Amino acid sequence: MRTAETDYLVVGAGAMGMAFTDALIDHADVHVTLVDRRHTASGHWQDAYPFVQLHQASLFYGVASTVLGTGAIQQQGPEAGLQERAHQPEIEAYYGDVLRRRFVGSGRVTFLGGCEHRTEGSAHVVTSRVSGESTEVRVRRRVVDAHYLSPKIPATTPPPFGVADDAHVVAINDLARLETAATDYVIVGSGKTATDGIVWLVGNGVEPERIVWVRPRDPWMLNRAVVQPDPVVAFGLVADTMEAAAEAETLDDLFLRLEAAGVMLRVDREATPTMARTPTLGAWELDLLRTIERVVRLGHIRHVTAREITFAEGSIALAPGALVVHCAAEGLPSPPPMPIWQPELICLQTARAGFPCFNAALLGYVEATRDDDRERNRLCPPNVYSNDRASWARMQLLGAQAARTFGAEGDIVEWANRCALNPARLDASRRDDPAVRAASARAAKHMEEGLAGLATLADEA
Ligand SMILES: Cc1cc2nc3c(=O)[nH]c(=O)nc-3n(C[C@H](O)[C@H](O)[C@H](O)COP(=O)(O)OP(=O)(O)OC[C@H]3O[C@@H](n4cnc5c(N)ncnc54)[C@H](O)[C@@H]3O)c2cc1C
């Protein structure tokens with residue numbers, strides 16, 4: 001078997017592996033070997049549905065050294081006034097460019113694409129899925145797991161229900177490849193992928209009456225207008241969240257207060273959502289989703305045939321020519337949080353709530369600039385991705401506490417304030433802006449009671 005040597009072996013060239021590597025080589029004189037079973041960088045985006053866009057601003061996505069997109073505010077369309085959001089081809093091209101020019105071009109990163117990583121005892125073996133050749137990679141410093149939080153998407157995850165041979169079931173990707181229009185479109189899923197599918201169908205002229213939405217749980221979603229790269233908006237979001245958490249008596253109460261503050265959105269005002277993965281949604285998308293009246297709430301699907309769908313709590317008939325669209329993959333997973341720095345491994349996770357790219361870049365910076373793992377783990381404790389309302393409260397609590405801890409370090413603050421990925425970025429030019437000062441003061445006013453409220457609510461059964 002061939003052998004190779006490197007300082008860091010990063011397994012996964014998705015958003016997290018890329019952001020970590022970028023910040024690491026920017027701040028430490030090291031060599032990285034980046035391996036991915038996919039043939040190039042960008043991870044799950046290579047299998048995404050072709051009409052997907054980032055759910056949040058492009059500025060928050062990518063690697064710290066290189067801005068994705070132009071940083072422009074949209075001037076036209078339903079989101080005029082909000083930051084641009086990249087489409088899939090732009091995201092893939094961006095990562096390809098960063099990989100080739102910045103990483104490989106620097107001579108400090110070796111990319112092994114189309115290669116599977118595995119351990120054999122304590123050895124790290126990388127095998128090409130193309131040539132079949134294996135290489136043992138000897139790692140001088142650390143192996144980095146950059147796929148622990150890899151999302152599950154419909155294109156690569158089978159539907160979580162039985163499908164009869166005669167059933168017409170496709171993953172959302174296939175909507176863009178239809179040869180014949182369906183009579184009805186049955187969208188299965190309560191998350192962001194489902195909402196993207198509906199928005200796309202209606203945008204392509206499908207009347208809302210032809211769409212059936214199977215929604216076992218109703219979701220809370222985050223209003224895109226409050227997740228923008230602007231410190232007034234960012235402090236405002238913290239202030240609204242902490243104020244609501246300080247005053248709320250129950251999780252129901254918390255989310256209704258956040259809805260009243262314009263932070264959270266729900267499709268159906270008559271339903272009380274219990275799901276809180278909180279993807280980001282535009283107000284125009286919400287209006288459109290509300291036009292779908294054929295909503296099925298009969299629990300999870302058990303089985304689909306050409307003629308009917310059987311649920312945990314009943315069944316519905318399918319019209320001839322109806323197409324069932326699988327949008328029901330898990331999305332962002334919530335495996336148990338574990339220490340990020342371990343003796344043999346760095347396991348990339350989030351520390352502040354959400355924003356995987358900023359978090360991975362932060363971990364790269366901390367790895368490069370600190371030399372004690374206990375200190376690194378103190379600065380960046382692992383967080384969770386939320387699923388329900390209690391875990392959302394926990395994610396906010398842990399994230400705010402972590403941000404306070406790493407935010408007490410002068411160099412990290414300086415780095416983070418230059419990093420476009422940082423949702424809490426405060427550029428020097430805005431520090432004396434009265435609107436920023438007012439929003440920041442309001443956030444500080446509610447912080448302590450808000451954190452105490454989140455701690456109580458996170459424990460609510
Ligand atoms: C539709 C959608 C829209 C989103 N929009 C946003 C957004 O607007 N803003 C935002 O911040 N986040 C967004 N996210 C979330 C964000 O994209 C993900 O959290 C992030 O991309 C995860 O990156 P990752 O590197 O952990 O995972 P992945 O992209 O899955 O990358 C992991 C890589 O590891 C490789 N790998 C795994 N095991 C091995 C092995 N043994 N050997 C070799 N390779 C291996 C895989 O091939 C894969 O390429 C979105 C997610 C989805 C699904």
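Note that the structure is predicted; figures quoted are calculated from it, not measured.

Draft legend 1. How the structure looks around the overall build of the protein chain. Helix and strand counts for the protein chain stand at 11 helices and 21 strands. In terms of C-alpha radius of gyration, the protein chain reaches 23 Å, essentially the compact-globule figure of 23 Å for 461 residues. Expressed as a percentage of its 461 residues, the buried residues of the protein chain come to 53%. Restricting the contact set of the protein chain to residue pairs at least 6 apart, pairs at least 24 apart contribute 73%. Averaged over its 45 positive side-chain charges, the protein chain has a centre that lies 2 Å from the centre of its 59 negative ones.

Draft legend 2. Unusual backbone geometry, seen in detail. In this model, Ser-42 sits at a positive phi of 110 degrees, which is unusual for a non-glycine residue. When its relative accessible area of 0% is taken as the criterion, Ser-42 is described as buried. You will see that Thr-278, though not glycine, has its phi angle at about 50 degrees, which is positive. Tracing the backbone shows Thr-278 in the loop between strand E14 (264-265) and strand E15 (280-281). Residue Thr-278 is classed as buried on the basis of its relative accessible area of 9%.

Draft legend 3. Up close: the layout of surface pockets. A volume near 250 Å³ is recorded for the second largest pocket. What lines the second largest pocket is a set of 14 residues, and nearest its centre among them are Phe-51, Gln-53, Val-199, Trp-200 and Trp-284. Among the elements of the structure, helix H3 (192-203) and helix H6 (283-289) are those that each provide at least two residues to the lining of the second largest pocket. The element contributing the most residues to the lining of the second largest pocket is H3, with five residues. For the lining of the second largest pocket, a count of residues per class yields six nonpolar, four polar and four charged.

Draft legend 4. Local environment of the packing of aromatic side chains. On inspection of all chains with the given rule, the structure shows 10 aromatic pairs. When the ring of Phe-51 is compared with that of Trp-200, the centres are 4.5 Å apart and the planes differ by 15 degrees; the resulting orientation is stacked. Here Trp-200 lies in helix H3 and Phe-51 lies in the loop between strand E2 (32-36) and strand E3 (62-63), a separation of 149 residues in the sequence. Exposure remark for Trp-200: the relative accessible area of 24% places this residue in the partly exposed category. Ring centres 5.3 Å apart and planes at 85 degrees place the aromatic pair Phe-60 and Phe-355 in the edge-to-face group.

Draft legend 5. How the structure looks around the site of the ligand. Close to the ligand lie 29 residues; Asp-36, His-44, His-55, Tyr-61 and Ser-150 are nearest. Measuring from an oxygen atom of the ligand, one finds a backbone N or O atom of Met-16 at 3.0 Å. His-117 places a main-chain nitrogen or oxygen 3.0 Å from a nitrogen atom of the ligand. When the ligand is considered free in solution it has 1000 Å² of accessible area, and contact with the protein chains removes 92% of it. Breaking the shell around the ligand down by element, the ones donating at least two residues are helix H1 (15-27) and strand E6 (115-120).

Draft legend 6. Representation of helix H4 (residues 231-247) in the model. With 17 residues, H4 extends 24 Å between its outermost C-alpha atoms, agreeing within 8% with the 24 Å of an ideal straight helix rising 1.5 Å per residue. Inspection of H4 places Pro-231, Ala-234, Gly-236, Ala-239, Asp-240, Thr-241, Met-242, Ala-244 and Ala-245 among the buried residues, and these make up the whole buried set. The elements touched by buried residues of H4 are helix H5 (251-260), helix H9 (389-406) and helix H11 (434-458). Two or three places before Val-232, at the opening of H4, Asp-230 has a side-chain oxygen 2.8 Å from that residue's backbone nitrogen.

Draft legend 7. Quick look at the sheet that holds strand E18 (residues 308-311). Taken together, four strands build an open sheet; the order of strands is E9-E17-E18-E19 and the sheet is mixed. Of all the strands in the sheet, the pair left with one neighbour each is strand E9 (162-163) and strand E19 (314-317). As judged from the two bridges shared by E9 and strand E17 (residues 301-304), these two strands associate in the parallel manner. Its bridge partner lying in E17, Val-163 is registered against Val-304.

Draft legend 8. Summary view of the nonpolar core. Grouped together as the largest cluster of nonpolar side chains are 118 residues, with contacts concentrated most on Met-18, Phe-20, Leu-34, Tyr-95, Ile-187, Leu-254 and Phe-358. Of all hydrophobic cores here, the second largest spans 14 residues; its members include Val-186, Val-296, Ile-301 and Val-324.

Draft legend 9. Structural detail: empty space enclosed by the protein. Tallied over the entire structure, the rule returns two cavities of 30 Å³ or more. Within this model, the largest cavity holds a volume of roughly 50 Å³. Every residue lining the largest cavity is listed: Tyr-148, Leu-149, Pro-333, Ser-334, Pro-335, Pro-336, Pro-337, Gln-349, Thr-350, Asn-383, Val-384 and Tyr-385. For the lining of the largest cavity, the residue count by class is eight nonpolar, four polar and no charged. A volume near 40 Å³ is recorded for the second largest cavity. Lining of the second largest cavity is provided by Leu-59, Tyr-61, Val-63, Ala-64, Thr-66, Val-67, Leu-68, Ala-420 and Leu-421. For the lining of the second largest cavity, the class distribution of residues is eight nonpolar, one polar and no charged.

What counts as what
Residues numbered from 1 in each chain as written. Predicted model: local features only at pLDDT ≥ 70, side-chain atom pairs only at ≥ 80, totals over all residues. Heavy atoms only, no water. Helix = DSSP H or I, 4+ residues; strand = E, 2+ residues; numbered from the N terminus. Rg over C-alpha atoms; globule rule 2.2 N^0.38 Å. Buried < 20%, exposed > 50% of the residue type's maximum accessible area, 1.4 Å probe, protein only. Contact = heavy atoms within 4.5 Å. Lys, Arg positive; Asp, Glu negative; His and termini not counted. Charge placed at Lys NZ, Arg CZ, Asp CG, Glu CD. 1 Å grid on protein atoms, 1.4 Å probe; cavity = no way out; pocket = protein on both sides within 12 Å on 5 of 7 lines; lining within 4 Å. Points joined across faces, edges and corners; volume = space filled by probe spheres on them. Nonpolar A, V, L, I, M, F, W, Y, C, P; charged D, E, K, R; others polar. Phe/Tyr/Trp six-rings, centres within 6.5 Å; stacked < 30°, edge-to-face > 60°. Near = heavy atom within 4 Å. Polar contact = N/O pair within 3.5 Å; in protein donor to acceptor, adjacent residues only side chain to side chain. Areas by Shrake-Rupley, 256 points an atom, 1.4 Å probe, with all protein chains shown as cover. Expected span 1.5 Å × (residues − 1). Pairing = 2+ DSSP bridges. Core = buried A, V, L, I, M, F, W, Y, C linked by side-chain atoms within 4.5 Å.

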